[in-house]
Amino acid sequence: MSRHLNKNANSFAKQHSLPCLQLIFVLGLGTFTIASILSIIVVGRLFEYNEPESMLHAHPQLLAVRKLDHEEMFRKTVKSCLPSRKSNCKTFIPDINGTKTQRVALISPSGGAASSFFNELIQPMTDSYNRRRDKGGPIINAFVRFDVPPYGYGKTHGLTKIIRLVPQPLMLEVTEALQSLLPHGDSFKHVTMQDTKAILRQILRFHCRLSAVAAHTALLSVDYLDLTADADVELEKFLFADDLLNGKVKDKKSYKRKRVYTEASFLSQFLTHLQSKSLLNVYDVFDQVLVDELAASKNLTIWPCPSFWSVGDAPNPFDISPLVQRLAKALSPNCSEPLADCWVARDKCEASGDGPCKSTKG
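Residues numbered from 1 in each chain as written. Predicted model: local features only at pLDDT ≥ 70, side-chain atom pairs only at ≥ 80, totals over all residues. Heavy atoms only, no water.

Undergrad: Is there a simple way to explain the pairing of strand β6 (residues 161-166) in this structure?
TA: The two faces of the sheet receive side chains in turn, since in a regular strand these alternate between them. The buried fraction of β6 amounts to 6 of the 6 residues, a majority that puts the element mostly inside the structure. A two-sided burial pattern is seen for β6, the buried positions comprising K161, I163 and L165 on one face and I162, R164 and V166 on the other. In this structure, strand β4 (residues 99-107) lies alongside β6, joined through 4 bridges in parallel fashion. Of the residues in β6, the one forming a bridge with L106 is I163. In this structure, β6 lies alongside strand β7 (residues 219-223), joined through 5 bridges in parallel fashion. (Buried < 20%, exposed > 50% of the residue type's maximum accessible area, 1.4 Å probe, protein only. Helix = DSSP H or I, 4+ residues; strand = E, 2+ residues; numbered from the N terminus. Pairing = 2+ DSSP bridges.)

Undergrad: What is the right way to look at the state of the cysteines in this model?
TA: By definition, a disulfide links the sulfur atoms of two cysteine residues through a covalent bond. By the definition in use, this model includes 4 disulfides. Here C335 connects covalently by a disulfide to C342, the sulfurs 2.0 Å from one another. Disulfide C335-C342: torsion about the S-S bond near -95°, hence left-handed. By relative accessible area, C335 is classed as partly exposed at 28%. The exposure class of C342 is buried, given its relative accessible area of 9%. One disulfide in the model links C349 with C357; its S-S distance is 2.0 Å. Linking C349 and C357, the disulfide has an S-S dihedral of approximately 70° and is accordingly described as right-handed. (Disulfide = S-S within 2.5 Å.)

Undergrad: Mind showing me how you'd approach the pattern of salt bridges here?
TA: When the charged atoms of two side chains lie near each other, side chains of opposite charge can form a pair. Per the counting criterion, the structure on display carries 12 salt bridges. A salt bridge links R346 to E350; the shortest N-O distance between them is 3.2 Å. On the criterion of helical spacing, the pair formed by R346 and E350 is a turn pair, its members being 4 residues apart in helix α11 (residues 345-352). Each of the two residues, R346 as well as E350, counts as buried. One connected set of salt bridges, linked through shared partners, spans R103, R145, D147 and E337. (Salt bridge = Lys/Arg side-chain N within 4 Å of Asp/Glu carboxyl O.)

Take a look at the structure:
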C-alpha cells in the first residue's frame, strides 16, 4: 500500500512536470532500523500542493501549505521531560492485577498520524520488549489516546511515560483533528472559519496541558520534520533506558523498514475553500489566533490552562458548534478512568463540559 501511494505521488508529479520532494527521517533504535518516509508533492516551494486533475476546475489555484508567521513562538513552548537528563521527570509504574505495568501513552489529536506512528513504530518495539523482558519485570502497555491526563503526578494520571507528536506545520494538526471528527463521508465544506479558529485554540490548549504535565512526568515530544541524528538514541533511552542500562535487553530485533505518510493535500484544499468563502487571508487570521492565544496563556505556561470549551470568538467564547464540542469532549481528561484521579477542579469541569467552571480560575 505504501509503495503504491509513493508510486502514485511520484507519477503525478512527473505527469504534471512538478518538482517532487521526499522528506525522509530515520529512527534507528540501537540496532532497530526503522525508516519513516514523509512523501509530499511540492509545487513552487516547500509544502505547496496540487489536487488531482479532476478537481482543478473547482480550485484552479490551491493555497500553499506553510507555517504560520509566528509559529516558531509556539515551537519554543514545546518541551520534553527526559528522565536521563532531569531527576524530576518521574516514571510512575502502577501495579495492575498484581503485575507492574509501565503505561506509555501516545497522546495526540492527530488521529491518522498518531495511529500510523504507533502501529508502525511504537507497538512493534514494545511488543518485542515484552517478549524479551526478564520474567517478573514490568511489562509495557502502550496505547494511543486523545484525552489529556489530569493535572498532577503519576498517581493522579496513572501514566509512566507520555509521547507527544508535533506535526509541522501547526495547521496540519488542526485538520488532522478535524478529519477524525467528521463523520464518514461528510464534507469539510460545512466547517466554518469560526470552527477552525476554535479548533486551533483547542490544539494550542492541548499542548499547554501536556507542557504542564511535562514539568514532572516523563514526556518525549517528537516532531515529524525535526528528527535529528540523535533521535534514535533519545527514543531508545526514553522507552527502554532502565532496562538497557541494567542489561536486561540482550538482543534487539531489526525490523523491516516502515513508511508513515502525512497527507497534506487535505489541508491545502481546506484552506483554499475557507479563503474562497471568507475572502480573508486565512494565514493572517490563524496567525492572529496563535498570537492572541500565546499572549493570553503566557506562552502556554498559565495554570490551569484555558478550557477546551471556551474557544469561541469573543464576546461569546462558550458559543461553540457541535463539531467543536466533540473535540472538546475528546480532549478533556477522562475522570472515570480507573487509574485517574481528577482532584483539580478544572479537570472535573472539563470532563463534565463545564467551560466557565466557577469553582476555579481560567
